[in-house]
Amino acid sequence: MANEMSSEIAIPYDSADQQRSAATFGMWVFLATEVLFFGGLFVGYVVYRYEYPEAFRTGSAELNLWSGGAMTLLLLLGSMLVAVVDHLIAPSADNRSSLRGPVVRRLVATTVLGIAFLALEFHEYHQLIQDGRFPGHAFRLSDVSSDPLDGRSVEMFFTLFFCMTGLHAFHMCLGILLVGGMAVAIGRSEQPRSLANPMSVIGLYWHFVDIIWVFLYPLFYLVR
Amino acid sequence: MRSHQLSIYLTFLALTLLLAATIGLSFVDIRPWNLWLGLAIATAKMLLIAWVFMNLAHSIGPVRVAAAAGLLWLSFAIVCTLADYTTRGWGETPEHWLRQTEHVESYDRVEPPQPEFQIPTASGRALDDSDLGSL
Amino acid sequence: MNYLNESTTLRSWFLTTDHKRIAILYLLSLTFFFFVGGMAAVLFRLELITPEGDLLSADSYNKLFSLHGIVMVWFFLIPSIPTVLGNFLIPLMIGARDLAFPRLNLLSWYIFMAGGLFTLTMIVAGGVDTGWTFYTPYSSTYANTFVILAATGIFISGFSSIATGLNFIVSIHVLRAPGLTWFRLPIFVWTIYATSLIMVLATPVLAVTLALVAVERILGVGIFDPSIGGDPLLFQHLFWFYSHPAVYIMILPGMGVISEVVPCFSRKRLYGYGFVAMATLAIASLGFLVWGHHMFVSGQSMYAGLLFSLLSMLVAVPSAVKVFNWTATLYKGTIFLKTPMLYALGFIGLFTFGGLTGICLATLAFDVHVHDTYFIIAHFHYIMVGGMLMAYLGGLHFWWPKITGRIYSEWWGRVSALVVFGGFNMTFFPQFILGILGNPRRYHTYPDEFQVFHVMSSLGATILGIGYLLPCCYLLWSLKFGRRASNDPWHATGLEWRTTSPPPKHNFLSQPTVSGPPYAYESPHPELVIGEGEPEPH
């Protein structure tokens, strides 16, 4: 495998293996960065959930648990498909069979699942904004007598909800563009396997965005 | 090689079951364990995704260190911040530390100066007492 | 043929992926930002000559010190040694042809310039008056200045920092030359590695925090807004989670430079190599656990204050280990007082002074007395200017022959080192006294009895300014008229001296290998002459 790819080794590297491990390692370092990027918001979540447990319960009851569960399932399915693609295209994999078709089909399916996720999420945003749950001047809540600050701490719950899921949705958009772009690139490529490194790196990103949602779901939709 | 593909499918199955478990958990009230069990399930899902989908199982040491570092540093941020919030309610100064402090009665009667100007805000609205009330 | 003359079109510079050329691009842009930040300092030091507010209004004064802080911290100090010396030297020191991701390296410069452009726009539009710390609720609710523009500039340049740090970490892991094990790496590489860790793990928290301030200004509510139960102090927690470690982003690479310069000009091995390397990592990690010492009087819980105070004391230990190791390296060495060495010795003294006053400030009770006074200003300028900037200039002089292939005027070099050292102390030492006497920071007027110290400080700042202009002159002069440098003008060790000065495009003509520990200095021949350059050909 290494010899076959030798023409594409970038200047700093001695071998294709070295280049592949640099790409993977670099992406993991970037993901550590991303953990801390979301981390600032998670710190905020922890602090305010500690301060206002009732407000989080009230707020969470306003969200649609089933829609959130369906969104989680869509992401998990997409992640599985990406993992299979990464496995098929990896340099160590069995390379006798043609792989363009299976890979492209799965990537397109992942893109569609991602778009469906965003559709559900934006539908929920729309509902919440209609009901006056968007923080700011228009915010209102019907039954708030039991909550501290006359229910304004529930507004804090929704501020965190929109900031954190919004940042996640932004990452989803990037992920959809990357995976969709990858599907096009592999579909057009004479040698799909030469795109193994970018595919692995994009796959790692996609899984990471998935993991973030795995935490956001119980923290926002399933508060007791 | 086929076996790896199989483990991907099995992992997906496990993830789906965990998702069902976490949803089911939200219908029973075992506070405060709802939170901790929910987080435990989320962590289990994360480990499965990282270990199988993200191939951490077959990764070199530095990659695993990078993966752990992000979480470790996030825990630094959370733990040290909570060190502040969780101890705020505690008595600010323990009584026996104050033994040598002399109480000066006149300090109690100092009137705060009345501001002669109003603090402008970004919205152009001046601050008034209703702002203080909502605190 | 070398990296400077292999192609000379503008296009070849702006689209280069050569880490050495990118280092030069950074050098030029950072020098520009340094003078922008410096001009702000000139203006407010002028204002402070008299107790009355006669030159600047309170508003302009606020905007100028904010501008000085923002530009100096994010557009000079944080990128300085990593992006200039680090970019140039890391591949050379590890024996690689380039950094792991050359195009990402170029992209990081463009991101940095985009962030800088936002900041310059902010300045031209009218500035920002929150201070470089952007404390809420002032920044989120009350300030009527260009907070969002300033925050966007910093947000963007943060990604440049992350990209640079990521590139260094991967390069140091993956691209080391055969035989170059971790404990054969020069300390400079260790310090850049530790710095990159901080850049990668802390910068994103700052980015998201500033984004939240912007959200709060746009929406009218946000997570720091007290009217919905938010805590403005949470901003300080998140801000200092980045900004305290950022102090180590500034100082650790400086320590790396000193660890290269001191053994070379003492002709001795670095004393306690393993301890210095481990102390570097210890500072980088412990530095993340001490941020609460910026918040002792903010309303943070007293118990958290106790914890942060204790941890702050601990981070002083590895810093002291380093100072002891440098001085032990000097002991019985054959010392050459060349320009880089003068800067390095200045660093050791001023850093020690800044560090010790830092311990004073980490003491809860003392901090209550001097919090937000000139004592703090003096303390962190001793670390950042006395420490970091001296190291940056020292490093620039040390590697100048390698970067440009020319030797600068040694006499002028020594003069500049002494002028900077003298001017610096005259500027900032009086500020310790002002702080103890209770002169608060960030006011454009002050009581009459403080005038003598402020005049001394402003006079010192003038000398310091001259000290900075001198190297600009003689270093530029050396480009045309300096003697040519040999491959290893200082007779130093390390792979960067085993290639030509300046190096060829891909650094080495053949792959270098390493077979022994670093700093293999032996007691020198009594007639050893270093740093003289090649004799002119006749």
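Source: prediction; values computed, not measured.

So, on to the overall build of chain C. For chain C, the count of helices and strands is 16 helices and two strands. In summary, chain C has a C-alpha radius of gyration of 23 Å against a globular reference of 24 Å for 538 residues, a match within 12%. The principal-axis extents of the C-alpha atoms in chain C amount to approximately 70 × 45 × 45 Å. In chain C, which comprises 538 residues, the proportion classed as buried is 58%. Taking all contacts inside chain C whose residues are at least 6 apart in sequence as the whole, residues at least 24 apart take part in 85%.

A separate point is the UniProt feature "transmembrane region" (unreviewed entry) in chain A. Residues and elements named next belong to chain A. The feature "transmembrane region" (unreviewed entry), as annotated in UniProt, sits at residues 25-48, 68-91, 156-184 and 204-223 in this numbering. With 92% helix and 0% strand, residues 68-91 has its two end C-alpha atoms placed 37 Å apart. Between the C-alpha atoms that bound residues 156-184 there is a distance of 42 Å. The span itself is 100% helix and 0% strand.

What follows deals with the interface of chain C and chain B. Between chain C and chain B, the contact holds 20 residues from the first and 19 residues from the second. Here the side of chain C that touches chain B gets four residues from one element, more than from any other, and that element is helix 11 (residues 302-330) of chain C. Here the residues of the side of chain C that touches chain B are counted per class, giving 11 nonpolar, eight polar and one charged.

What follows concerns unusual backbone geometry. For the bond running from R31 of chain B to P32 of chain B, omega is 0°, close enough to zero to count as cis. Following the sequence through the fold, P32 of chain B ends up in the loop between helix 1 (2-25) and helix 2 (33-53). Backbone torsion omega between T136 of chain C and P137 of chain C reads 0°, so that peptide bond is classified as cis. Unlike most non-glycine residues, N507 of chain C shows phi in positive territory, near 75°. Structurally, N507 of chain C can be placed in the segment after strand 2 (483-484). With a phi close to 60°, Y519 of chain C is a non-glycine residue in the positive phi region. Structurally, the position occupied by Y519 of chain C is in the segment after strand 2.

Turning to the packing of helix 2 (residues 19-47) of chain C against helix 3 (residues 58-77) of chain C, a few remarks are in order. Residues and elements named next belong to chain C. For the pair helix 2 and helix 3, interaxial distance at closest approach is 9 Å and the crossing angle is 155°. One way to sum up the angle between helix 2 and helix 3 is to call them roughly antiparallel. Like other packed secondary-structure pairs, helix 2 and helix 3 cross with a definite hand, here left-handed. Here L30, F33, F34, V36, G37, A40, A41, L43, F44 and E47 of helix 2 lie close against helix 3, whose contacting residues are Y61, L64, F65, L67, H68, V71, M72, F75 and F76. When its residues are assigned to classes, the contact of helix 2 with helix 3 shows 16 nonpolar, two polar and one charged.

Parameters at a glance
- Residues numbered from 1 in each chain as written.
- Chains lettered and ligands numbered in written order.
- Predicted model: local features only at pLDDT ≥ 70, side-chain atom pairs only at ≥ 80, totals over all residues.
- Helix = DSSP H or I, 4+ residues; strand = E, 2+ residues; numbered from the N terminus.
- Rg over C-alpha atoms; globule rule 2.2 N^0.38 Å.
- Buried ≥ 20, exposed ≤ 12 C-beta atoms within 10 Å, placed from the backbone.
- Contact = placed C-beta atoms within 7 Å.
- UniProt positions renumbered as here; feature names shortened; annotations may be inferred.
- Nonpolar A, V, L, I, M, F, W, Y, C, P; charged D, E, K, R; others polar.
- Axes fitted to C-alpha atoms, helices over the stretch in contact; angles between N-to-C directions.
- Parallel < 35°, antiparallel > 145°, perpendicular 65-115°, else oblique.
- Left-handed = near helix turned anticlockwise from the far one by under 90°.

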